Amino acid sequence: MARRNLNDLLAFVTVAREGSFTRAAATLGVTQSALSQAISGLEARLRIRLLTRTTRSVSPTAAGERLALAIGHRFDEIEAELDALTDLRDKPAGTVRLTSGDHVLHTTLLPKLAPLLLKYPDVKVEFDVCYGFRDIVADRFDAGVRLGDYIDKDMIAVPIGPELRMAAVATPAYFAANPGPATPRELIAHRCINIRFSAQSGVYVWEFERDGQPLNVRVDGQVVFNTTPHVVAAALAGLGIAFLPEEEFAPHIEQGRLVRVLEDWCPPFAGYYLYYPSRRQSSPAFSLVLDALRVSPAA
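In this report, we go over the structure that sits alongside the text. (Residues numbered from 1 in each chain as written. Predicted model: local features only at pLDDT ≥ 70, side-chain atom pairs only at ≥ 80, totals over all residues. Heavy atoms only, no water.)

Taken together, the side chains of L10, L28 and V30 make up a nonpolar region of the molecular surface, amounting to roughly 190 Å² of accessible area. Note that L10 resides in helix α1 (residues 2–18). (Patch = residues over 30% accessible without salt bridge, like charges linked within 9 Å, V, L, I, M, F, W, Y side chains within 5 Å. Areas by Shrake-Rupley, 256 points an atom, 1.4 Å probe, with all protein chains shown as cover. Salt bridge = Lys/Arg side-chain N within 4 Å of Asp/Glu carboxyl O. Helix = DSSP H or I, 4+ residues; strand = E, 2+ residues; numbered from the N terminus.)

Here's what the structure looks like:
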């Protein structure tokens, strides 16, 4: 009976996290019918409804949400301990799930992790590209990558790159037709290329600072993107002024395809950090990934 309860509880937690019987069944490697029967049996034994089912979605009831929060991380801890047993093997093994933006993935994560993956063929890394704010615990990621200023205080944060600076740029042709702004406030009169990090968030408000005084400007333009490579492409196409970390534009600035303005309004700020829950039990694979990415704050 205890074994069946554990299996049914795992089935419930997976459905609650996935929000779908189809995805949960694929994750667990069982049929949807078996999964539905397991949940129904668990609800019958507890004499309380745990999931609200509609034709389009599945979501936890209040009781289901309470149960998922109480036991979900326990299964994560068991999985981490099982992964930790690979310490006893000749070669580390396991899968590490990371969520990050596009730019840091190809400039930092892949270059640093490629030698590790070549050295340890049984270590796997799953990358999720997302510009919104992910709940890495609820979405079962081992860690996320975010700018240091935006990490929750209850997370462990490890620097993986140097400080960054923002850059406002446009093509020489754009500035020939539209004299460059002398202050951030003058951006209001320009066509600007906006970015929205997630469907639920507003358009990013451009953040400047000089002599310790911040100045935020809400700009306007003809295009809005949710990924940075498209912002760069739009700037190169002459669609207006773009505003991203200077690394995104570096080769184009060096070769004269883009011109930088308002540089004295763009001081350095905390760069990218790998962050993960403080209660997380580190598997050998995760420890290797962490060590490969980590840099000292002075680097």
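Let us now look at the nonpolar core. Among the nonpolar cores identified, the biggest contains 57 residues, and L187, W206, F208, I241 and L274 are the most heavily contacted of them. At 6 residues, the largest contribution of residues to this core is made by helix α9 (residues 284–293). When near neighbours in sequence (up to four residues on either side) are disregarded, F208 contacts P184, L187, Q213, P214, L215, N216, V217, F243, L262, W265 and C266. Judged by nonpolar contacts, the second largest core, of 19 residues, contains F12, F21, A24 and L35. (Core = buried A, V, L, I, M, F, W, Y, C linked by side-chain atoms within 4.5 Å. Buried < 20%, exposed > 50% of the residue type's maximum accessible area, 1.4 Å probe, protein only. Contact = heavy atoms within 4.5 Å.)

A word on unusual backbone geometry. Of note in the backbone geometry, D211 takes a positive phi value of approximately 55 degrees without being a glycine. If you trace the backbone, D211 turns up in the loop between β9 (206–210) and β10 (213–217). Of note, the phi angle at L262 is positive, near 60 degrees, even though the residue is not glycine. Structurally, L262 can be placed in the loop between β13 (259–261) and β14 (272–277).

You can see T228 is positioned in helix α7 (residues 228–236). Take T228: its relative accessible area is 6%, and that puts it in the buried class. The residues contacting T228, other than those within four sequence positions of it, are D102, H103, Y131, I195, L244 and E248.

Moving on: the packing of aromatic side chains. Taken as a whole and assessed by the stated rule, the structure comprises 4 aromatic pairs. Ring centres 5.0 Å apart and planes at 25 degrees place the aromatic pair W206 and F243 in the stacked group. A residue pair is termed long-range when its members are at least 10 positions apart, and W206 in strand β9 and F243 in strand β12 (residues 242–245) qualify at 37 residues. Given the relative accessible area of 2%, F243 is considered buried. Summarising the aromatic geometry, the rings of F208 and F243 are spaced 4.6 Å apart at their centres and angled 35 degrees between planes, so their arrangement reads as tilted. A residue pair is termed long-range when its members are at least 10 positions apart, and F208 in strand β9 and F243 in strand β12 qualify at 35 residues. When sorted by exposure, F208 lands in the same class as F243, which is buried. Pairwise contacts between aromatic rings join W206, F208 and F243 into one cluster. The cationic tip of R97 hangs over the ring face of F141; the distance from NZ or CZ to the ring centre is 4.3 Å. (Phe/Tyr/Trp six-rings, centres within 6.5 Å; stacked < 30°, edge-to-face > 60°. Lys NZ or Arg CZ within 6 Å of the ring centre and 35° of its normal.)

A separate point is the sheet that holds strand β3 (residues 94–100). With mixed pairing, 5 strands are arranged side by side in an open sheet as β4-β3-β5-β14-β6. What marks the edges here is a single partner per strand, and that holds for β4 (123–129) and β6 (155–159). For this sheet the average axis-to-axis angle between neighbouring strands, irrespective of direction, equals 30 degrees. Sheet topology places strand β5 (residues 143–147) next to β14; 4 bridges connect them, and they run antiparallel. Paired with G144 across the two strands is Y275, which belongs to β14. Across the sheet, helix α5 (residues 102–119) is in contact with β3, β4, β5 and β14; its angle to β4 comes to roughly 175 degrees. (Pairing = 2+ DSSP bridges. Axes fitted to C-alpha atoms, helices over the stretch in contact; angles between N-to-C directions.)

Turning our attention to the pattern of salt bridges. Applying the stated criterion across every chain, the model contains 9 salt bridges. The closest approach of N and O atoms between D8 and R45, which form a salt bridge, is 2.5 Å. Remark: R45 occurs in helix α3 (residues 32–46) and D8 occurs in helix α1; sequence separation between them is 37 residues. Judged by relative accessible area, which is 30%, R45 ranks as partly exposed. One salt bridge connects E18 with R23, and the closest N-O pair in it is separated by 3.7 Å. Note on E18: relative accessible area 27%, which makes it partly exposed. The partly exposed category is assigned to R23, whose relative accessible area is 45%. In the salt-bridge network here, residues are joined through shared partners; they are R165, E246, R260 and E263.

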